[in-house]
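Single-letter residue listing:
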Amino acid sequence: MQSNGIFHDIVTFISILKACCNSGSINEGQMMHCEVERRGFLQGNLELGSSLVNLYAKCGYLNKAREIFDKFMVQDVVLWTALIGGYAEHGFHEEVLECFEQMQMDDRLCPDSITFTCILQACGIRGVVDKGKQIHIDVVKKGLLGKDMILGNALVDMYAKCGALVEAHKLLNELPIQDVVSWTSLASGYVQYEQDKEALNCLETMQQEGISPNPITFICTLKACGKIRALDKGKHIHNEIICKGLLRNDNLLGNSLVDMYAKCGSIASAKEVFDNLPIRTIVSWTAL
């Protein structure tokens, strides 16, 4: 049993490692890691191990994170989620799915909302809709869907990215709370799979329900306008963007407007937007 002094030292190290993780201070974190090893605190301490795995994973040192993870003969859901979250954040989606399969081999482990959210992100990007559906079933069984908006949005996004747009829309309608993230995920799916009118319907519906679009929503729907040459709708979205003052801080939005007007054949309007962009990039030049 640990003495109170050792316990407080471990709690202090965990707090410092968390701060290093949040600030991306990998050098200081590595110094703390050396001290933890020197004192022998890491042996069997899952909470301290999870803090180190999380630090290295978030900072992109994924091999080091895996090395520490593998030192533990027994892993808990927090340790697994720290590793999985790091892989997900840095785009290693195949590794995310492999970790989840390994995690499921231990019947004692019960994934939490954070774990499921990371796995769903990987499923969407990899197009593994069958795995995503199984996770959806597990989420419902555990009663998590109505309790976690981020998890609900992750499910909508997974179905939308996989092209299962009927399921995505049905699920969105079943969510107790819908926000700009869930609606934008659905609209993006419609644009990705050439259902551009449905994407514009998403924008209209969410606004009718009092949900304000964000720049990502506008970029997505402007792309839809350009593809189907819905110039009047594009102009209306442009006016909304101006009213919200979004063009001053978002060059991607400006590029999307140039692209929309050009695709709709309104070259004069495209040139006007282009001339007023704070920064002109190869994307804006190409769109024009």
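Above this text is the structure in question.
Just so it is clear, the structure is predicted and the values come from calculations on it, not from any experiment.

Student: Can you help me understand the pattern of salt bridges in this one?
Tutor: Pairs can form between side chains of opposite charge whenever their charged atoms are close. Summed over all chains, the structure comprises 14 salt bridges. With a closest N to O distance of 2.7 Å, glutamate 174 and lysine 170 form a salt bridge. Note that glutamate 174 and lysine 170 are positioned in helix α10 (residues 165-174) at a spacing of four residues, about one turn of the helix. As a salt-bridge pair, lysine 263 and aspartate 259 come within 2.7 Å of each other at their nearest N and O atoms. Of this pair, lysine 263 and aspartate 259 both sit in helix α15 (residues 251-263), four residues apart, which is roughly one turn of the helix. Taking the relative accessible area as the measure of exposure, lysine 263 reaches 40% and is therefore partly exposed. Counted as one network, the salt bridges with shared partners bring together Asp9, Glu35, Arg38 and Arg39.

Student: How should helix α9 (residues 149-161) be read in this particular structure?
Tutor: In an α-helix there are 3.6 residues to a turn, and that puts residues three or four apart on one side. Here α9 is 13 residues long and its end C-alpha atoms lie 18 Å apart, about the 18 Å a rise of 1.5 Å per residue gives. Within α9, ten of the 13 residues are buried, which leaves the element mostly enclosed by the surrounding structure. Considered for burial, the residues of α9 that qualify are Leu151, Gly152, Asn153, Ala154, Leu155, Val156, Asp157, Met158, Tyr159 and Ala160. Elements in contact with the buried residues of α9: α7 (113-126), α8 (129-141), α10 and α11 (180-192). Here α9 starts with a cap whose side-chain oxygen sits 3.0 Å from the backbone nitrogen of isoleucine 150, and that cap is aspartate 148. With its phi angle positive at about 85°, glycine 163 sits one or two positions after the end of α9.

Definitions and cut-offs
Residues numbered from 1 in each chain as written. Predicted model: local features only at pLDDT ≥ 70, side-chain atom pairs only at ≥ 80, totals over all residues. Heavy atoms only, no water. Salt bridge = Lys/Arg side-chain N within 4 Å of Asp/Glu carboxyl O. Helix = DSSP H or I, 4+ residues; strand = E, 2+ residues; numbered from the N terminus. Buried < 20%, exposed > 50% of the residue type's maximum accessible area, 1.4 Å probe, protein only. Expected span 1.5 Å × (residues − 1). Contact = heavy atoms within 4.5 Å. Polar contact = N/O pair within 3.5 Å; in protein donor to acceptor, adjacent residues only side chain to side chain.

Keep in mind that these numbers describe shape and distance, not what the molecule does.
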